[in-house]
Structure formats: C-alpha cells, structure tokens
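Chain by chain, the residues:
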2 protein chains.
Amino acid sequence: MVKTPPFLEEPDGTRGAIMTATYHALCEHGYANLTIQRIADQFDKSKSLLYHHYDSKDDILLDFLEFMLDEFEEHVPRDGTDTIDSHLDDVLDELVAGAVPVERHEFMKAMVELRAQAVHDDRYRDHFARHDRFFQSQLADDIRTGIEEGVFRDVDPHQAAALLLTTITGSITQRATTETDISAAVREEIEAYVNIRLKSSGSTDE
Amino acid sequence: MVKTPPFLEEPDGTRGAIMTATYHALCEHGYANLTIQRIADQFDKSKSLLYHHYDSKDDILLDFLEFMLDEFEEHVPRDGTDTIDSHLDDVLDELVAGAVPVERHEFMKAMVELRAQAVHDDRYRDHFARHDRFFQSQLADDIRTGIEEGVFRDVDPHQAAALLLTTITGSITQRATTETDISAAVREEIEAYVNIRLKSSGSTDE
C-alpha cells in the first residue's frame, strides 16, 4: 500500500473512499492491467457500492481525474511564504527532475497511460484539455507575479508558461516510457532558460 | 489512403509492403482500434503472408517502429545546403509547431498511443529508449556543428539537446491529447530560448 498523496488526505464519504482505492490500484497495476475488480480489492466498503456507482473502469478513472483536478484547483499548492522564483524552482524540481519516490513514479506512469486514452476517447480529451489549461494558467500566474515583483523580466506570461508546461509534459512522458533518464539534463537546461530568459538579474553569460 | 511518408517511399519486398500497410492502417484507425485484420485490409498481397510473419498486432507494430527508426538512422534528414540554425528552425517548425497535414497529425496521435505502451511493455520501452537516444544525439550533433561554426555559443550540446527533445515530446503529446493547441506559443518561446541561449549573436533584449 502506497502513501496517500495530499489530494486524498481527507476523502469524504463513499466517493472519497472510491477515489483512494482507485489511486492505490492505479499505482499497483497501471492503466492497462486495471480492472474494476482490482479497484474493488483496494476498497474497504461493500463492492456492490462500487459497481452501483460506475459502469466501467474508465467511468471510475474519469471521475478520479476530475476529483484530483478539483482538489488541485481548490487547494493551489502555492506556499505563500516562498519567493516566486524559489516556488518555480520547487515546481520544476518536482515535475521535471527525476528524484521522485517509487510510488509517485508508478502513479506518473499510469497518468501517461491515461493521457494516451485521449487520442481516441473524447472524455479523456476534455479532461486533459482542462488539466493543461489549469496548469498553464497556474504557471502564467506565477510568472506574472514575478514580473510584478520585479524578479522576472516583462515576458509574455502565457507564452513562457506554455514552454514550461510542455517541458513538464515531455519530461513526465519520457521518464514513464524509457529507462534512459535525461531529466537531470533537462532540469539543468530549463534552469539556464529561467535564468537568462525570465530572471531580471540574469545574463547570457553563465 | 494517405500520402506515403519519405521513409516508406521505396519499400522493399514483403516487409516493405507490410510496413506500408501498417502505416496506412495506423493513420486510419490509431493504435487502440487497430487489429491485424485492419492491417491486412491495407495489404495488397496474400493475407496469410501477414499472419505467417507476425503473431499479434504488437509484433507488427514493434517491427514497424524498428523499420522506421532504421530508415531515419540511415537517411538522416539533414539537408547539407542549409545553415545549421535554419536547419534547427526547420526541425522545430515541423515537430513543435502545429501546422501539419491531417494525415501526419493522425500518425503522430498513433505514435503517442504506441509510446504509452512502453509503460507496461518492455519491448516498446526498449524501442522508445533507442528512439530518444537517437534523436537527442542528432540534436546534439546539430548544436555541436553550430558551436564549431561559431553560430552557437559554447553550451553543453547534450544538455541543450535534452531540452529540445523534451519540448518536442511534450508538444507532440499535448497536441495529440487535447484540442487546445498551445504549440504556436511553445514554438515562439523555444525560439526565444534558441536566440538568447544558443545563438552567439543573441541578446537578452528582444
């Protein structure tokens, strides 16, 4: 059983319990090998309750994705005491650099499988469009704050956020699908980008 | 029937014909909805020949991925008359910017589905590790050439290539899995990165 992530710390009622079971089943089996039965195996309450609420594993997973994003939107993980550039460093450390716990790595791998369902399933497509819009605007807000505080140059926040989001998506995808881990090099180079493109004290000399 | 891409222009013998049929079937059906029968439907020769050579759709697809990468490795698509920075621009235009023909977009979507198989299938994992190593070293070679020619600064070619590859992977993944197309913004921002980080004539002023 893996550690419960922050968005599942206080699950409410039946839905919360189903979401927690889904998280653990996804970490253990991934998407391809997941079945409703395997989610039910992680579920403490009556199994029939699970079958009563959902028709398929995709129904549960789509509800899970929505639940997770709702939680993120409600509790934006920005620590108010951080400076904006160290906050951005933390985000990139967590999402681009490879040093994540095993459970989290398994979860990120399952997320890459879920995103690929969007190629042929409009419900997943709608979710990941919302997901990407949310995280791009979060990053743009951070950059905008940095500009207002004089820490960052006057770049286009939305455009710079697009590159950061794409680097995060690419890094997560590559880590989940290859053994060769280039994420440390990617982290170094995006740091160089942040320093010379975003930071107002940055220079093109290293 | 979609246009044949360069790597399939002169397919040799039975394998070449199977590879061409696989390409067209992938563009038409994607991975999730692909069957051996649907590949056979695109195949002019005897269907039994196809079943004789391969046991499953994944066997065919893994052979297809290997065939495609072999062709790329043999005929590196670098036009010798280009300058190195305009060559890099072309690569980023093609792989990051969104203006691709419909058939090619369908093919890239299928590639995102194939890459996601690497999460649970080691054979796909081995392929995409080889795929990423090849394209990262191609990009690093380009950057190294630029440094030697004095067009690019003396950056770490392998590290800069890691960021470019990750941006390409992220952009392809996002375009295949959401309707919201942020690839034009990503293309603009990676251009800013190339200008101020790589180009020796670049400056931090836009």
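One structure accompanies this document, and this report is about it. Nothing here was measured: the structure is a model prediction, and the numbers come from that model.

Procedures and definitions
- Residues numbered from 1 in each chain as written.
- Chains lettered and ligands numbered in written order.
- Predicted model: local features only at pLDDT ≥ 70, side-chain atom pairs only at ≥ 80, totals over all residues.
- Heavy atoms only, no water.
- Contact = heavy atoms within 4.5 Å.
- Buried area = accessible area lost by both parts, 1.4 Å probe.
- Salt bridge = Lys/Arg side-chain N within 4 Å of Asp/Glu carboxyl O.
- Helix = DSSP H or I, 4+ residues; strand = E, 2+ residues; numbered from the N terminus.
- Nonpolar A, V, L, I, M, F, W, Y, C, P; charged D, E, K, R; others polar.
- Buried < 20%, exposed > 50% of the residue type's maximum accessible area, 1.4 Å probe, protein only.
- Axes fitted to C-alpha atoms, helices over the stretch in contact; angles between N-to-C directions.
- Parallel < 35°, antiparallel > 145°, perpendicular 65-115°, else oblique.
- Left-handed = near helix turned anticlockwise from the far one by under 90°.
- Least-squares fit on C-alpha atoms with pLDDT ≥ 70 in both.

Quick look at the interface of chain A and chain B
Here's step 1: Counting from both sides, the interface comprises 47 residues of chain A and, opposite them, 48 residues of chain B.
Here's step 2: Taken together, the two surfaces of chain A and chain B that pack against each other cover about 4200 Å², and 60% of this comes from carbon and sulfur.
Here's step 3: By the criterion of area lost to chain B, the three top residues of chain A are Val119, Arg125 and Glu189 of chain A, representing 16% of everything that side buries.
Here's step 4: For Glu189 of chain B, the salt bridge goes to Arg197 of chain A, with nearest N and O atoms at 2.8 Å.
Here's step 5: Mapped onto the side of chain A that touches chain B, the elements with two or more residues apiece are α6 (102-117), α7 (122-148), α8 (157-177) and α9 (183-198) of chain A.
Here's step 6: The greatest single-element share of the side of chain A that touches chain B, amounting to 15 residues, is contributed by α8 of chain A.
Here's step 7: Residues of the side of chain A that touches chain B, tallied by class, amount to 19 nonpolar, 15 polar and 13 charged.

As for the side chain of Arg115 of chain A
Here's step 1: For Arg115 of chain A, the location among the structural elements is in helix α6.
Here's step 2: Look at Arg115 of chain A and you get buried, because its relative accessible area is 8%.
Here's step 3: Ignoring sequence-local partners within four residues, the contact set of Arg115 of chain A consists of Phe128, His131, Asp132 and Thr169 of chain A together with Thr173, Gln174, Thr177 and Thr178 of chain B.

Some details on the packing of α7 of chain A against α8 of chain A
What describes two packed helices is the angle between their axes and the distance between those same axes.
All names here are of chain A.
Here's step 1: Orientation of α7 relative to α8, taken along the N-to-C sense of each, is 125 degrees, at an axis distance of 8 Å. With respect to their mutual orientation, α7 and α8 come out oblique. In terms of crossing hand, the pair formed by α7 and α8 is right-handed. Residues Asp132, Phe135, Gln136, Leu139, Ala140, Ile143, Arg144 and Ile147 of α7 touch α8, and the partners they reach there are Pro157, His158, Ala160, Ala161, Ala162, Leu164, Leu165 and Ile168.

Focus: the pattern of salt bridges
Residue and element names in this part refer to chain A.
Here's step 1: Applying the stated criterion across every chain yields a total of 26 salt bridges over all chains.
Here's step 2: A salt bridge links Asp93 to Arg187; its shortest N-O distance comes to 2.8 Å. Here Arg187 lies in helix α9 and Asp93 lies in helix α5 (residues 84-95), a separation of 94 residues in the sequence.
Here's step 3: We classify Asp93 as partly exposed; its relative accessible area is 39%.
Here's step 4: Taking the relative accessible area as the measure of exposure, Arg187 reaches 9% and is therefore buried.
Here's step 5: Two residues, Asp141 and Arg144, come together in a salt bridge whose shortest N-O distance is 2.8 Å. Of this pair, Asp141 and Arg144 both sit in helix α7, 3 residues apart, which is roughly one turn of that helix.
Here's step 6: By relative accessible area, which is 39% here, Asp141 ends up partly exposed.
Here's step 7: Given a relative accessible area of 35%, Arg144 falls into the partly exposed group.

Brief notes about the side chain of His127 of chain A
Here's step 1: Considering the arrangement of structural elements, one finds His127 of chain A in helix α7.
Here's step 2: With near-sequence residues (within four places) excluded, His127 of chain A lies in contact with Leu65, Glu66 and Leu69 of chain A.

A short note on the packing of α5 of chain A against α8 of chain A
Residues and elements named next belong to chain A.
Here's step 1: For the pair α5 and α8, the least separation of the axes is 10 Å and the interaxial angle reads 25 degrees. Accordingly, the angle class assigned to the pair α5 and α8 is roughly parallel. Where α5 approaches α8, its residues Leu88, Leu92 and Leu95 are matched on the opposing element by Leu164, Ile168, Ser171, Ile172 and Arg175.
Here's step 2: In terms of residue class, the contact of α5 with α8 is made up of 6 nonpolar, 1 polar and 1 charged.

Considering the relation of the copies chain A and chain B
The operation relating the two chain copies consists of a rotation about an axis and a shift along that axis.
Here's step 1: Rotating chain A by 180 degrees and moving it 0.0 Å along the rotation axis overlays it on chain B with an RMSD of 0.0 Å. On the angle and the small slide along the axis, the relation comes out as a two-fold axis. Residue Gly170 of chain A, judged by its C-alpha, is the member of chain A lying nearest the rotation axis, at 1.8 Å.

Treat this as a map of the structure, not an account of what it does.
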